[in-house]
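# Structural overview for review
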Amino acid sequence: MARTRKPFRWLMTTVSLMLAGNFAAPAAAASRSAVEAQFRQWIASDLWRAAQEGGISKQIFDQTLQGVQLNWDLPDLVPPGTEPPKERTQSQAEFSSPASYFNEKRLQGLAATGRSLASQHAATLRKVETTYGVPGSVIVAIWGRESGYGRAKLPHSAIDVLATKAFMSTRKPMFQQELISALHIVESGDVSANRLMGSWAGALGQPQFMPGSYLKYAVDFDGDGKRDIWNSVPDTLASIANYLVKSGWQKGRDWGYEISIPDGVSCAQEGPDRAKAVSAWASGGLTRISGRAFPSSEASQPAMMLVPAGTYGPEFLVTPNFYVLKEYNNSDLYALFIGNLADRIAHGGGAFKASWGDVGKMLRSDVLAMQKALVSQGYDVGKVDGLPGFKTRRSLGEWQAKNGMKPSCYPSADLKSKLR
């Protein structure tokens, strides 16, 4: 669930801080030793008060946090006396071509390893599928994407990471709650604090669960009395399945299908709020790009159009299970990656048939300006944030059609001067 990002070093001089651009440092910025002292005071007062209210015993609190250290190498830190970075909306390119996300060599490697491991753990996966109703190929795909099938290094003490971010990050309340959840994990006896290892954001184990997700979804599937998502493959696979089921996974349904949208059918119909029966989409001319018919069992079931790159990339008809995959990581591309990898593991499938166009060169500030222009004309673009989500894409397509243009359903440079 947590994506790895490159860490930065805490730079102590005002000039270096401003040049690095990680955060602004006014003249009153505290020294490192002063910040360390404030951190200890915060643990003893504010954090203990919140932990006590959350039901943590003083013994567990003291034992777990007695050796905690600030991790100055983490991203998104806002030490006392500094300010969060201001968004560089006029110069920061926010999007790159989705083609780089779907690196074929990487996908082929993950699929080959995934098929081998699915065979190796076939008996366990059959039990997990029977218990939860989630296809083993989907579970294995998430396992591979999140931690390289458990082979990725987990270099950080989760307690150190969560305490650091709870004390001085851009999302302190969220990380404080996750830290308290981590204390509950230690108190449960499933894992000791010194073995609570995770990512730079505090995500734990092979499924990369945040502590709160661990408490909700981790299960003991091998029957040893502990929910061990660090070392137990059965616990890892079953925990991923349990997460998906409790997020709404519908047994017996696929995640979606790559399709072809014919001329005359608008791309401006995507989104979960515009779901239609698969048979209705098929009657409108949408076909599977593979040439195969949609499964007869899907005919009366709801599905949604998805065009993450507008008409410049692959087009899809997705089921509600696609949005369950997004509960694991709220990204269209992530969910498509998992779906494609699962298909490769289960059926030996390959890349999407349609190619990703050369999109992603728009500045976030340019997309933001287009969103504001659409809103001023009465369109619903969702959150006005410079990110082209499905409501922005379809509103753009509707605007294009209304103004005599063929809808592309994606912001592009040629539309900047037209949409003001």
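Keep in mind that what you see is a predicted model, and the values were worked out from it rather than measured.

### Considering the overall build of the protein chain
- The secondary structure content of the protein chain amounts to 16 helices and eight strands.
- What you see for the protein chain is a C-alpha radius of gyration of 24 Å, in line with the 22 Å of a compact globule of 420 residues.
- The principal-axis extents of the C-alpha atoms in the protein chain amount to approximately 65 × 55 × 40 Å.
- Among the 420 residues that make up the protein chain, the fraction classed as buried is 50%.
- A total of about 19,100 Å² of accessible surface is found on the protein chain, and carbon and sulfur atoms cover 50% of it.
- The positive charge centre, built from 47 side chains, and the negative charge centre, built from 37, are 3 Å apart in the protein chain.

### Concerning the pattern of salt bridges
- This model, assessed by the stated rule, comprises 13 salt bridges.
- In this structure, the salt-bridge partner of arginine 394 is aspartate 273, at a minimum N-O distance of 2.7 Å. Of this pair, arginine 394 sits in helix α15 (residues 390-402) while aspartate 273 is found in the loop between β3 (256-260) and β4 (276-277), placing the two residues 121 residues apart along the sequence.
- Close ionic contact of lysine 326 with aspartate 332 constitutes a salt bridge, the shortest N to O distance being 2.8 Å.
- Its relative accessible area of 16% is what places aspartate 332 among the buried residues.

### Considering the UniProt feature "domain: Peptidoglycan binding-like" (unreviewed entry) in the protein chain
- Per the UniProt record, "domain: Peptidoglycan binding-like" (unreviewed entry) is found at residues 365-408.
- For residues 365-408, the end-to-end C-alpha separation is 20 Å, with 57% helix and 0% strand making up the annotated structure.

### Examining the confidence of the model for the protein chain
- For the protein chain, per-residue confidence averages 90 on the pLDDT scale, and 90% of positions sit at 70 or higher.
- Every residue in residues 2-28 scores below 50 in pLDDT, and together they form 54 contacts with partners more than four places removed in sequence or on other chains.
- Contacts of residues 88-94 to residues separated by more than four positions or lying in other chains number ten contacts, the stretch itself having pLDDT below 50.

### Here we look at the nonpolar core
- Core analysis: the biggest nonpolar cluster contains 95 residues, and Leu196 and Leu244 have the highest contact counts within it.
- Within the second largest apolar cluster, 14 residues are counted, among which are Ala268, Leu286, Ala303 and Val307.

### A word on the state of the cysteines
- Applying the stated criterion across every chain yields a total of one disulfide.
- The side chain of cysteine 267 participates in a disulfide bridge whose partner is cysteine 409; the two sulfur atoms lie 2.0 Å from each other. With the S-S bond torsion at 90°, the cross-link from cysteine 267 to cysteine 409 turns out right-handed. With cysteine 267 in the loop between β3 and β4 and cysteine 409 in the loop between α15 and α16 (413-416), the pair connects residues that are 142 residues apart, well separated along the chain. Like cysteine 267, the residue cysteine 409 is buried in the burial classification.

### Description of the packing of aromatic side chains
- Summed over all chains, the structure comprises 20 aromatic pairs.
- Relative to phenylalanine 102, the ring of tyrosine 101 lies with its centre 5.5 Å away and its plane at 65°, an arrangement referred to as edge-to-face.
- Members of the aromatic cluster, each reached through a chain of ring pairs, are Tyr101, Phe102, Trp255, Phe316, Phe337, Phe352 and Trp356.
- Over the ring of tryptophan 48 we find lysine 58; its NZ or CZ atom is 5.4 Å from the centre of that ring.
- Cation over ring: arginine 145 sits above phenylalanine 337, and NZ or CZ is 4.9 Å from the ring centre.

### Considerations on the sheet that holds strand β6 (residues 302-306)
- Read across the open sheet, the five strands follow the order β4-β6-β8-β3-β5; overall the sheet is antiparallel. The two strands at the open ends of the sheet, each matched to only one other strand, are β4 and β5 (287-288).
- Where β6 lies against strand β8 (residues 315-318), three bridges are found, and the strand directions are antiparallel. When the bridges of β8 are listed, leucine 306 appears paired with phenylalanine 316.

### Re the pairing of β8
- Every second residue of β8 is oriented toward a common face, with Glu315 and Leu317 on one face and Phe316 and Val318 on the other, all of them buried.
- Bridge count for β3 against β8 is four bridges, and the pairing is antiparallel. Across the sheet, isoleucine 259 pairs through a bridge with glutamate 315, a residue of β8.

### A few points about the environment of glutamate 129
- Its location among the elements puts glutamate 129 in helix α5 (residues 122-132).
- Separated by 108 residues in the primary sequence, glutamate 129 and leucine 237 place their C-alpha atoms 9.8 Å from one another.
- When sequence neighbours within four positions are dropped, the list of residues in contact with glutamate 129 reads Val134, Pro135 and Gly136.

About the thresholds
Residues numbered from 1 in each chain as written. Predicted model: local features only at pLDDT ≥ 70, side-chain atom pairs only at ≥ 80, totals over all residues. Heavy atoms only, no water. Helix = DSSP H or I, 4+ residues; strand = E, 2+ residues; numbered from the N terminus. Rg over C-alpha atoms; globule rule 2.2 N^0.38 Å. Buried < 20%, exposed > 50% of the residue type's maximum accessible area, 1.4 Å probe, protein only. Areas by Shrake-Rupley, 256 points an atom, 1.4 Å probe, with all protein chains shown as cover. Lys, Arg positive; Asp, Glu negative; His and termini not counted. Charge placed at Lys NZ, Arg CZ, Asp CG, Glu CD. Salt bridge = Lys/Arg side-chain N within 4 Å of Asp/Glu carboxyl O. UniProt positions renumbered as here; feature names shortened; annotations may be inferred. pLDDT = per-residue confidence, 0-100. Contact = heavy atoms within 4.5 Å. Core = buried A, V, L, I, M, F, W, Y, C linked by side-chain atoms within 4.5 Å. Disulfide = S-S within 2.5 Å. Phe/Tyr/Trp six-rings, centres within 6.5 Å; stacked < 30°, edge-to-face > 60°. Lys NZ or Arg CZ within 6 Å of the ring centre and 35° of its normal. Pairing = 2+ DSSP bridges.

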